[in-house]
Amino acid sequence: MTFKADVFTLYPDMFPGTLGAALAGKALADGLWSLDAYNIRDSATDKHRSVDDTPAGGGAGMVLRADILAKALDTHVPANDPRPKLLMSPRGVPLSQQMVRDLADGPGAVIVCGRFEGVDERVIEARGLTEVSIGDYVLSGGEVAAQVVLDAVVRLLPGVMGNDVSGAHESFEDGLLEHPHYTRPVEWEGRTIPDVLRSGDHKKIDAWRRERSEALTRARRPDLLKT
Ligand code: SAH
């Protein structure tokens with residue numbers, strides 16, 4: 001079973017985008033996951049192919065219509081589809097490595113990219129969309145956010161990362177930020193690699209890395225230590 005991603009967007013040309021290159025792109029080409037980007041506008045019903053309308057109650061901007069988005073979803077996603085349906089949204093649950101892992105363990109994801117002021121609330125309720133945010137700032141659309149989610153997920157899929165253990169000690173995997181890294185040359189601009197990393201003593205190296213991880217996390221992200 002390969003991870004199947006279906007993206008609903010007004011800008012299908014933005015896909016695969018960054019997901020077409022490097023690790024994710026190679027995995028896509030190798031069939032380790034699949035990606036389809038559907039144009040929401042193909043489900044428009046009038047001759048102007050309009051997908052949005054003015055907000056009920058007044059105010060600035062436009063709102064993506066419930067009927068059009070629902071038609072797009074219903075055309076491509078069967079009612080009993082087991083995949084989680086996400087709506088990229090600054091109001092959503094903040095994306096976390098735990099959510100990324102859960103998605104990677106599942107059959108795939110249906111991802112809706114918002115535009116304008118957002119999406120009519122009724123389609124969020126009626127199609128059971130889970131709102132997911134990639135951070136406390138506002139993007140112009142959900143496409144980049146969807147690529148962030150999929151990039152984080154795809155690298156965890158079986159066979160994607162060459163070295164399977166490299167995921168285990170990363171930032172967030174154990175509730176800590178990762179320790180610093182070094183590589184040759186041993187001396188560069190008068191700075192040397194810490195001696196312990198060249199000692200060959202793996203117990204000492206592990207202890208040093210753990211200590212650096214904890215100190216970095218305390219300094220930069222004390223909120224992570226509380227959870
Ligand atoms: N008026 C909305 C913002 C709309 S931005 C509000 O104040 O909440 C337009 C679209 O960009 C959104 O529908 C969403 O799909 C996407 N988007 C913007 N910021 C995002 C974020 N931080 N995380 C995920 N998606 C985001």
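Structural data are supplied above this passage.
The sections below set out a description of the structure shown in this document. (Residues numbered from 1 in each chain as written. Predicted model: local features only at pLDDT ≥ 70, side-chain atom pairs only at ≥ 80, totals over all residues. Heavy atoms only, no water.)

1. Details of the nonpolar core
Next, step 1: In terms of nonpolar packing, the biggest core is built from 27 residues, with Phe3, Trp33, Leu35, Ile111, Leu150, Val153 and Leu157 touching the most fellow members.
Next, step 2: When contributions to this core are tallied by element, the ones reaching two or more residues are strand E1 (3–9), helix H1 (22–29), strand E2 (33–39), strand E5 (85–94), helix H3 (97–105), strand E6 (108–113) and helix H5 (143–154).
Next, step 3: For this core, the element with the highest residue contribution is H5, accounting for seven residues.
Next, step 4: Not counting chain neighbours up to four residues away, the residues in contact with Val153 comprise Phe3, Val100, Leu103 and Ala104.
Next, step 5: Of all hydrophobic cores here, the second largest spans 21 residues; its members include Leu64, Ile68, Leu87 and Val112. (Core = buried A, V, L, I, M, F, W, Y, C linked by side-chain atoms within 4.5 Å. Buried < 20%, exposed > 50% of the residue type's maximum accessible area, 1.4 Å probe, protein only. Helix = DSSP H or I, 4+ residues; strand = E, 2+ residues; numbered from the N terminus. Contact = heavy atoms within 4.5 Å.)

2. Points about the site of the ligand
Next, step 1: Taken together, 19 residues form the shell around the ligand, and within it Met88, Gly114, Glu117, Gly135 and Tyr137 come nearest.
Next, step 2: For the ligand, a nitrogen atom lies 2.8 Å from a polar atom in the backbone of Glu117.
Next, step 3: Between Tyr137 and the ligand, the recorded distance is 2.8 Å, taken from a backbone N or O atom to a nitrogen atom.
Next, step 4: With the chains in place, 85% of the 560 Å² that the ligand exposes on its own is no longer accessible. (Near = heavy atom within 4 Å. Polar contact = N/O pair within 3.5 Å; in protein donor to acceptor, adjacent residues only side chain to side chain. Areas by Shrake-Rupley, 256 points an atom, 1.4 Å probe, with all protein chains shown as cover.)

3. Section: a nonpolar patch on the surface
Next, step 1: Together, Tyr137, Leu139, Val144 and Val148 make up a nonpolar patch on the protein surface, roughly 350 Å² of accessible area in all.
Next, step 2: Within the secondary structure, Val148 is located in helix H5. (Patch = residues over 30% accessible without salt bridge, like charges linked within 9 Å, V, L, I, M, F, W, Y side chains within 5 Å. Salt bridge = Lys/Arg side-chain N within 4 Å of Asp/Glu carboxyl O.)

4. Some points on the sheet that holds strand E4 (residues 63–64)
Next, step 1: Sheet architecture is open: three strands sit in the order E3-E4-E7, paired in mixed fashion. The sheet is open, and its two borders are formed by strand E3 (52–53) and strand E7 (118–119), each paired with just one other strand. (Pairing = 2+ DSSP bridges.)

5. Section: H3
Next, step 1: Along H3, the residues that are buried comprise Gln97, Val100, Leu103 and Ala104. Looking straight down H3, one finds its buried side chains confined to an arc of 120 degrees; they lie on one side. (Arc of directions from axis to C-beta.)

6. Quick word on the pairing of E5
Next, step 1: Looking at chain direction, E5 and E6 are connected through four bridges and run parallel. The residue bridging Met88 from the neighbouring strand is Cys113, located in E6.
Next, step 2: Note: E5 against strand E8 (residues 130–133), five bridges, orientation parallel. In the strand pairing of E8, Met88 is matched with Val132.

7. Notes on the packing of aromatic side chains
Next, step 1: One pass over the structure, following the stated rule, counts one aromatic pair.
Next, step 2: With a centroid separation of 5.3 Å and an interplanar angle of 35 degrees, the aromatic rings of Phe8 and Tyr38 are classed as tilted. One end of the pair, Phe8, is in strand E1; the other, Tyr38, is in strand E2, and 30 residues separate them in sequence. (Phe/Tyr/Trp six-rings, centres within 6.5 Å; stacked < 30°, edge-to-face > 60°.)

8. A few points about the pattern of salt bridges
Next, step 1: Enumeration over the complete set of coordinates arrives at 18 salt bridges.
Next, step 2: For the salt bridge of Asp195 with Arg198, the shortest nitrogen-to-oxygen distance reads 3.0 Å.
Next, step 3: What makes Arg198 partly exposed here is its relative accessible area of 45%.
Next, step 4: Note that Glu214 and Arg210 form a salt bridge whose closest N and O atoms lie 2.8 Å from each other. With Glu214 and Arg210 both in helix H6 (residues 202–220), this residue pair falls four residues apart, about one helical turn.
Next, step 5: With a relative accessible area of 44%, Arg210 lands in the partly exposed category.
Next, step 6: Beyond isolated ion pairs, a larger network of salt bridges with shared partners links Lys4, Asp6, Asp36, Asp81 and Arg83.

9. Concerning the sheet that holds E1
To summarise the sheet geometry, strands pair through backbone hydrogen bonds and adopt either a parallel or an antiparallel arrangement.
Next, step 1: Read from one edge to the other, the open sheet built from five strands follows the order E2-E1-E6-E5-E8, with strand pairing classed as parallel. Lying at the two open borders of the sheet, with one neighbouring strand each, are E2 and E8. Taken pair by pair, the neighbouring strands of this sheet meet at an average axis angle of 35 degrees, ignoring direction. (Axes fitted to C-alpha atoms, helices over the stretch in contact; angles between N-to-C directions.)

10. Focus: the packing of H3 against H5
Next, step 1: Contact geometry of H3 with H5 gives a least axis separation of 8 Å together with a crossing angle of 70 degrees. In this view, H3 runs roughly perpendicular relative to H5, as classed from their interaxial angle. Considering only the axes of H3 and H5, their crossing is right-handed. Residues Val100, Leu103 and Ala104 of H3 touch H5, and the partners they reach there are Val149, Ala152 and Val153.
Next, step 2: Partitioning the contact of H3 with H5 into residue classes produces six nonpolar, no polar and no charged. (Parallel < 35°, antiparallel > 145°, perpendicular 65-115°, else oblique. Left-handed = near helix turned anticlockwise from the far one by under 90°. Nonpolar A, V, L, I, M, F, W, Y, C, P; charged D, E, K, R; others polar.)

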